[in-house]
Amino acid sequence: MTFSIHGLAVARGIAIGRAVLVASSRVDVAHYFIEPSQVDAEIGRVRAGRNAVVDEIHRLQQSIATMGPKEAPHELAALLDVHLMLLQDEELISGVKRWVTDRLYNAEWALTTQLEVIARQFDEMEDEYLRERKADLEQVVERILRHMKGVASPVAPPPSHRRPSSPRQQDLLLDDDSLDVPLVLVAHDLSPADMMQFKQSVFAGFVTDVGGKTSHTAIVARSMDIPAVVGARGASQLVRQDDWLIVDGDAGVMIVDPSPIILAEYGFKQRQGELERTRLARLRHTPAVTLDGQKVELLANIELPEDAPAAVNAGAVGVGLFRSEFLFMGRQGNLPGEEEQYQAYRRAVEGMQGLPVTIRTIDVGADKPLGGNERDSAHLNPALGLRAIRWSLADPGMFLNQLRAILRAAAHGQVNMLIPMLAHASEIRHTVALVDFARAELDNKGIAYGPIKLGAMIEVPAAALMLKTFLKYFDFLSIGTNDLIQYTLAIDRADESVAHLYDPLHPAVLRLVAETIAECNAKGKGVSVCGEMAGDIALTRLLLGLGLRSFSMHPAQILAVKQEVLRADTQRLAPWAQNILQAEDPGQALGA
Ligand code: PEP
Ligand code: MG
């Protein structure tokens, strides 16, 4: 039966494929395709893992047989029996075999996929006792996975394991079991670190139950240029493993089990999107200049040094925001030291082939936890807590490592250093002093470094209201509209339940943005926008009209924004933008 689930549109385009349900706690298992010749070896790994757990339980049973009821209560023996029964259930291994043989999933992926299939059956059981056995099943699968970790896969994941994302629609309709069918990942939640491991993945689309439009999970999905919908509440419960899905990343809708007519309609839309991309690709080498001759700088936002080639290919004239925190995430506390960071920044600088690179110092906290999968729940209000520069200043040793690494990378090309989330003059002075100290340390050790421009992000209303102080200390400013909106409107950017109130066109937000641009222009200081507003073509003309000439966005958005720039006349846009700024409802005035 066809039905649809509405969420938030976060990454453009249409994906059509089969659902792969992944439990949030297991997104870290590897997902890649194997060669047909490797099928037996992969199934063998799961069997070996399962047998090892069976042996473990047998040993446990023997040892508790010698204990009294106090040390080994009857419930424990019963639980072990249940675990054995679940392990020996044919459905587990036969399902794994099917996923490996028919779909060429690697062993861990096949096992967790089959876990989801059986778990769903447990969920649907009427008997409460049986329903609760799902937790036992999850435990035994967890143990199998742990054993499999000790046995390395003979099959290394290929460098790029993504399947074709847009086979012809007719092929999909005719050949339901084709191995080339794209896959859509459906999960309750994905952390930014999880998303990073899907950067080179097999998935053609993403859907999550939770998340806001500018949550970092959504931002990474957008940077991957893969259709995605977040905040699609209930999706991971309502979709079944292997269901056919359409992800409409423009409208923020997921359609489950579409009829042939709907499939054909979306297949058409998908091809239209591809044609549009091909057309836009012709603008790659066209300079971004408005009709009235204003030069506009279109820069790229990147997460890793390896993203640099995509930025150059998209025609970016530099990196306006390198979110360095992604180098630090998912490393279980083993943070990169100065040398590792230096090498990474240097790779990014060299990857940009002489174009400038703006490296933002680490911005962790809130929805970007360093280690685990979940949001920082240790603090009452992590978005207002020890995040970004506050975190750096609280650990000067770590911060100095990063400052030295960035200064050293500046010896290899044009580097700007950008500081996130400053709000206090004392923080500014402290930061500037630490940058000077890092230089002095390098001087003392005789280590080479290069000149940098120092910039600050305007992300907190307080910062936008004290521009004079910022402009005294910094060479340039970059407006982080994602956080500026969050903090001006008191809306958690990662919370889909208040997403309807997250409004880039709120008059208060626009005023802070407009005044920051105007003040920098008046003082001859560089200013750019590097939040998601910069890549939204519905806002390009407004930002140009407000005087913005530097935009930083995901590489995939650059050409569409360039097209808007080429069609714009800033002389006409300037008075129009001032009118929008004065409107009670700028969104309505803009027709957005
Ligand atoms: C922003 O807040 O607009 C920004 C660019 O930083 P981030 O999205 O990484 O918080
Ligand atoms: Mg920010």
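Keep in mind that this is a model prediction, so the values were computed, not measured.

Caption draft 1: Spotlight on the overall build of the protein. Scanning the protein from terminus to terminus reveals 24 helices and 16 strands. Here the protein has a C-alpha radius of gyration of 26 Å; the compact-globule value for 592 residues is 25 Å, and the two agree. Based on the C-alpha atoms only, the size of the protein along its principal axes is roughly 80 × 65 × 45 Å. Looking at the protein residue by residue over its 592 residues, the buried ones come to 55%. When contacts within the protein are restricted to residue pairs at least 6 apart in sequence, those whose partners lie at least 24 apart make up 72%. Side-chain charges in the protein split into 59 positive and 75 negative, and the spacing between the mean points of these groups amounts to 7 Å.

Caption draft 2: Molecular detail of the coordination of the magnesium ion (ligand 2). Only Glu459 (OE) and Asp483 (OD) from the protein reach the magnesium ion (ligand 2) as donors, at distances of 2.0 to 2.1 Å. Here aspartate 483 lies in helix H19 (residues 481–489) and glutamate 459 lies in the loop between strand E13 (452–458) and helix H17 (461–464), a separation of 24 residues in the sequence.

Caption draft 3: Up close: the domain arrangement of the protein. Here the protein is described as being made up of domain 1 (3–21 + 156–259), domain 2 (36–149) and domain 3 (286–590). Each side of the interface is counted separately: domain 1 has 16 residues, and domain 2 has eleven residues. Buried surface at the junction of domain 1 and domain 2, summed over both partners, amounts to about 990 Å²; 51% is from carbon and sulfur atoms. For the pair domain 1 and domain 2, the interface holds one salt bridge. The interface formed by domain 1 and domain 2 holds five residue pairs in polar contact (both at pLDDT 80 or more) in total. Residue composition of the side of domain 1 that touches domain 2, grouped by class: eight nonpolar, three polar and five charged.

Caption draft 4: Region of the structure containing the pattern of salt bridges. Inspection of every chain in the model, using the stated rule, returns 30 salt bridges. Arginine 233 is the partner of glutamate 496 in a salt bridge, and the nearest nitrogen-oxygen pair spans 3.5 Å. Highlighted residues: glutamate 496 in the loop between H19 and helix H20 (507–523) and arginine 233 in the loop between strand E6 (228–230) and helix H10 (235–238), separated in sequence by 263 residues. Relative accessible area serves as the criterion here: at 16%, glutamate 496 is assigned to the buried category. On the accessibility criterion, arginine 233 (52% relative accessible area) is exposed. A salt bridge links arginine 404 to glutamate 441, with the shortest nitrogen-to-oxygen separation between them at 2.6 Å. Of this pair, arginine 404 sits in helix H15 (residues 396–409) while glutamate 441 sits in helix H16 (residues 425–445), and the two are 37 residues apart along the sequence.

Cut-offs and rules
Residues numbered from 1 in each chain as written. Chains lettered and ligands numbered in written order. Predicted model: local features only at pLDDT ≥ 70, side-chain atom pairs only at ≥ 80, totals over all residues. Heavy atoms only, no water. Helix = DSSP H or I, 4+ residues; strand = E, 2+ residues; numbered from the N terminus. Rg over C-alpha atoms; globule rule 2.2 N^0.38 Å. Buried < 20%, exposed > 50% of the residue type's maximum accessible area, 1.4 Å probe, protein only. Contact = heavy atoms within 4.5 Å. Lys, Arg positive; Asp, Glu negative; His and termini not counted. Charge placed at Lys NZ, Arg CZ, Asp CG, Glu CD. Donors = N, O, S within 2.8 Å, 3.2 Å for Na, K, Ca; no water. Domains from an automatic or database assignment. Buried area = accessible area lost by both parts, 1.4 Å probe. Salt bridge = Lys/Arg side-chain N within 4 Å of Asp/Glu carboxyl O. Polar contact = N/O pair within 3.5 Å; in protein donor to acceptor, adjacent residues only side chain to side chain. Nonpolar A, V, L, I, M, F, W, Y, C, P; charged D, E, K, R; others polar.

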